[in-house]
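# Examination of the molecular architecture
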Amino acid sequence: MKTTASEGLFFQWHITDACNFRCRHCYQHRFTRDSELALPELIKVYENIAPYSKGRKINLNITGGEPFLRKDLFDLLRFLDGQKETGELAVITNASLIDEKALEALNGIKKLKAVKVSLDGATEKTNDAIRKPGAFRAALEKINLIQERTRLDVIIMLTLMRSNSYELPALFQLCRELRVNGLMLERFIPLGQSGELKAEVMKKEDWKKAVKEICEYMEVDLAESEVLPCKAFWVKFEGSGANLLTAECNLGEDAFAIMPNGDLLPCRRFDLVLGNLLRRDLSYIVKDNAVLRDISDKSKLKGKCRNCQIERCRGCRALAYAIEKDYLAEDHLCWL
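Scope of this entry: the structure provided in the associated data block. Predicted model only: the values in this text are computed from it and were never measured.

### Considerations on the overall build of the chain
Across its full length, the chain carries 11 helices and 12 strands. Once the C-alpha set of the chain is aligned to its principal axes, its extents read approximately 55 × 45 × 35 Å. Residues counted as buried form 57% of the 336 residues belonging to the chain. Nonlocal contacts in the chain, meaning residues at least 24 apart in sequence, comprise 71% of its contacts between residues at least 6 apart. Accessible surface for the chain amounts to roughly 14900 Å². Of this, 49% is attributable to carbon and sulfur atoms. Separation between the mean location of the 52 positive side-chain charges and that of the 49 negative ones in the chain comes to 2 Å.

### Side note on the packing of helix α6 (residues 168–178) against helix α7 (residues 204–218)
Closest axis-to-axis distance for the α6/α7 pair is 10 Å, and the angle between their directions is 40°. Between α6 and α7, the angle falls in the class oblique. Our pair here, α6 against α7, has a crossing hand that is right-handed. Seen from α6, the contacting residues are Leu-168, Pro-169, Phe-172 and Arg-176; seen from α7, they are Ala-210, Glu-213, Ile-214 and Tyr-217.

### A word on the pattern of salt bridges
Under the defined criterion, the tally for this structure stands at 18 salt bridges. Between Arg-149 and Glu-100 there is a salt bridge, with the nearest N and O atoms lying 3.1 Å from each other. In this pair, Arg-149 is assigned in helix α5 (residues 135–149) and Glu-100 in helix α3 (residues 100–107), connecting sequence segments 49 residues apart. In this structure Glu-100 comes out as partly exposed when scored by relative accessible area, which is 45%. Residue Lys-300 pairs with Asp-294 through a salt bridge whose shortest N-O separation is 2.9 Å. On the accessibility criterion, Lys-300 (35% relative accessible area) is partly exposed. You can call Asp-294 buried: its relative accessible area is 14%.

### Description of the packing of aromatic side chains
Scanning the model with the defined rule gives 8 aromatic pairs in all. Ring centres 5.8 Å apart and planes at 20° place the aromatic pair Phe-11 and Phe-256 in the stacked group. Residue Phe-11 is located in strand β2 (residues 9–14), and its partner Phe-256 is located in strand β10 (residues 255–258); the two are separated by 245 residues in the primary sequence. For the pair formed by Phe-11 and Phe-256, the shared burial category is buried. Note on Tyr-46 and Phe-79: the rings are 5.7 Å apart at their centroids and 85° apart in plane angle, and the pair reads as edge-to-face.

### Quick look at the pairing of strand β7 (residues 182–187)
Of all the 6 residues making up β7, 5 are buried; the element is thus mostly covered by neighbouring parts of the structure. Here 6 bridges tie strand β6 (residues 153–160) to β7, and the two strands are oriented parallel to one another. Bridge pairing in β7 places Leu-158 opposite Leu-185. At this point the chain moves from β6, through α6, to the parallel β7, and the crossover so formed is right-handed. Sheet topology places β7 next to strand β8 (residues 230–238); 5 bridges connect them, and they run antiparallel. When the bridges of β8 are listed, Gly-182 appears paired with Lys-236.

### What to know about α7
The first and last C-alpha atoms of α7 sit 21 Å apart over 15 residues, in line with the 21 Å expected at 1.5 Å per residue. For α7, the set of buried residues is Trp-207, Ala-210, Val-211, Glu-213, Ile-214, Cys-215 and Met-218. The inward-facing, buried residues of α7 abut β6, α6, β7, α8 (224–227), β8 and β9 (241–248). Trailing α7 by a residue or two, Glu-219 shows a phi angle of about 60°, which is positive.

The rules we used
Residues numbered from 1 in each chain as written. Predicted model: local features only at pLDDT ≥ 70, side-chain atom pairs only at ≥ 80, totals over all residues. Heavy atoms only, no water. Helix = DSSP H or I, 4+ residues; strand = E, 2+ residues; numbered from the N terminus. Buried < 20%, exposed > 50% of the residue type's maximum accessible area, 1.4 Å probe, protein only. Contact = heavy atoms within 4.5 Å. Areas by Shrake-Rupley, 256 points an atom, 1.4 Å probe, with all protein chains shown as cover. Lys, Arg positive; Asp, Glu negative; His and termini not counted. Charge placed at Lys NZ, Arg CZ, Asp CG, Glu CD. Axes fitted to C-alpha atoms, helices over the stretch in contact; angles between N-to-C directions. Parallel < 35°, antiparallel > 145°, perpendicular 65-115°, else oblique. Left-handed = near helix turned anticlockwise from the far one by under 90°. Salt bridge = Lys/Arg side-chain N within 4 Å of Asp/Glu carboxyl O. Phe/Tyr/Trp six-rings, centres within 6.5 Å; stacked < 30°, edge-to-face > 60°. Pairing = 2+ DSSP bridges. Right-handed = clockwise from strand over helix to strand, strands pointing away. Expected span 1.5 Å × (residues − 1).

Structure below.
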């Protein structure tokens, strides 16, 4: 079965650059605490988002860096939990710092629905070559601990690269064995620390093969017009079955990324600052924003993206910006 993602506003909120990992594919430029906002400032950022929601729920993925390095993480989550505008909360983590005390605190946050654990391979060899030695076994142990100690869903997040995309079938099997609730798949975009790893960007043939394997596993037959606008896939495991959710590009409409200093990006992999949420509210930032206006106007896109017959597809602006330094360039992973 295939559906689109749920409605609402969605934010990937990076509350710190600090991290205890140095993954090869990481999109961060720095790993310090220099740009972190204090808790009152984080609250101000939320208050500058809330009026823009206009009845829509605000769904937040709290991450870093590694969010568990912040001692006030639970204070922030409790604040967000108490706001009427907040929809669902999740934490994205490498899971290495999670312990029973942390899980007890997480379990008390009512709107927190999931812990999303980063994993980048179906095998220890592949994952640890990308992340760091010991990361694979540690992640599996922590996944088991989360399942034993909390009511929270566990979702694996994997970035598809040339060095791990061939493991997709084994990854589906691993997810079943781990009894996780979901698997989220996104494409690698060279940025920050990984800016020189352009060789790890999948070729269009690799991406087409990955999409085909996802559809075959889900036993769905989707037309190219249905899958090409999708930049990410979410496999939700439900008992013996599974449900496929697709994430089309919704830059500047209902999804954004927030950086540790409050800077607002169209998405985390689209490294172009739109404004700062500590200084301005979201409505002010997005109103008549030139970047958002350009990427929503298909006539301004270049190459084959401009004349694409799939009306709702705009290609991946983040990939175009990372590869060509031009966010209007064509999407190199489109196989049409």
